[in-house]
Amino acid sequence: PARQEGEGGRSSLFSYDYIHSNAGLIIEPLIAGLLPPPESAGAADNTSSCCNQMLRECCKDERVAKAVLEHDPWVASVLALAESPQFDQSSDALQTLRELLSTHKGMVAGFLLDRPDFFDLKFTALLTSSNFV
């Protein structure tokens, strides 16, 4: 991955290394925040949107994106949110899926070749959903 200089001259590569090494500790809460509990109705949109934005930022690193794709419950959560009746949440989740699947094309192509069931089962359900935008 290319090194980008952040604040104070530090490399953002360190941040992605940390996220990749601690994916369970970092990605898991972001995924949990995608589908906030029903009792938090007022904050649900903000929480979900912020978690989607942070997840997309984390997935700019190919290793993190691969870890997300390879963890079925994480992908299932994003797909579930894509079927949300709330347009903002649904479109935000679809943007996350688009970026996850199009940013690292070589890695995703290899992933889909290794797991053809992934596309067939999960995305067919999404495409045939009555809530597809």
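Because the structure is predicted, anything quoted here is derived from the model rather than measured. (Residues numbered from 1 in each chain as written. Predicted model: local features only at pLDDT ≥ 70, side-chain atom pairs only at ≥ 80, totals over all residues. Heavy atoms only, no water.)

1. Considering the overall build of the protein chain
Helices and strands together make up the secondary structure of the protein chain, namely 8 helices and 0 strands. The secondary structure elements of the protein chain, listed N-terminal to C-terminal, are α-α-α-α-α-α-α-α. Across the 133 residues of the protein chain, 38% fall into the buried class. The contacts of the protein chain with a sequence gap of at least 6 include a subset with a gap of at least 24, amounting to 65%. A total of about 7700 Å² of accessible surface is found on the protein chain, and carbon and sulfur atoms cover 58% of it. (Helix = DSSP H or I, 4+ residues; strand = E, 2+ residues; numbered from the N terminus. Buried < 20%, exposed > 50% of the residue type's maximum accessible area, 1.4 Å probe, protein only. Contact = heavy atoms within 4.5 Å. Areas by Shrake-Rupley, 256 points an atom, 1.4 Å probe, with all protein chains shown as cover.)

2. Comments concerning the nonpolar core
Ranked by internal contacts, the top residues of the largest apolar core, which has 31 residues, are Ile-27, Leu-55, Leu-69 and Leu-97. Mapped onto this core, the elements with two or more residues apiece are helix H1 (12-21), helix H2 (23-34), helix H3 (41-58), helix H4 (62-70), helix H5 (72-82), helix H6 (87-102), helix H7 (105-114) and helix H8 (116-127). Looking at which element gives the most residues to this core, the answer is H5, with 6 residues. Sequence-distant contacts of Leu-69, that is, excluding residues within four places in its chain, are made with Val-75, Leu-100, Leu-101, Met-107, Val-108, Phe-111, Arg-115 and Phe-118. (Core = buried A, V, L, I, M, F, W, Y, C linked by side-chain atoms within 4.5 Å.)

3. Some points on the confidence of the model for the protein chain
Mean pLDDT over the protein chain works out to 80, with 80% of the residues at or above the 70 mark. The low-confidence segment residues 1-10 (pLDDT under 50) makes 9 contacts with residues lying over four places distant or belonging to another chain. (pLDDT = per-residue confidence, 0-100.)

4. Digging into the packing of H5 against H6
In the contact formed by H5 and H6, the axes pass within 7 Å of each other and the chain directions differ by 140°. Considering their axes alone, H5 and H6 lie oblique with respect to each other. Seen from above, H5 lies across H6 with left-handed handedness. In contact with Val-78, Leu-79, Leu-81 and Ala-82 of H5, H6 contributes Gln-89, Ser-90, Ala-93, Leu-94, Thr-96 and Leu-97. A per-class count over the contact of H5 with H6 returns 7 nonpolar, 3 polar and no charged. (Axes fitted to C-alpha atoms, helices over the stretch in contact; angles between N-to-C directions. Parallel < 35°, antiparallel > 145°, perpendicular 65-115°, else oblique. Left-handed = near helix turned anticlockwise from the far one by under 90°. Nonpolar A, V, L, I, M, F, W, Y, C, P; charged D, E, K, R; others polar.)

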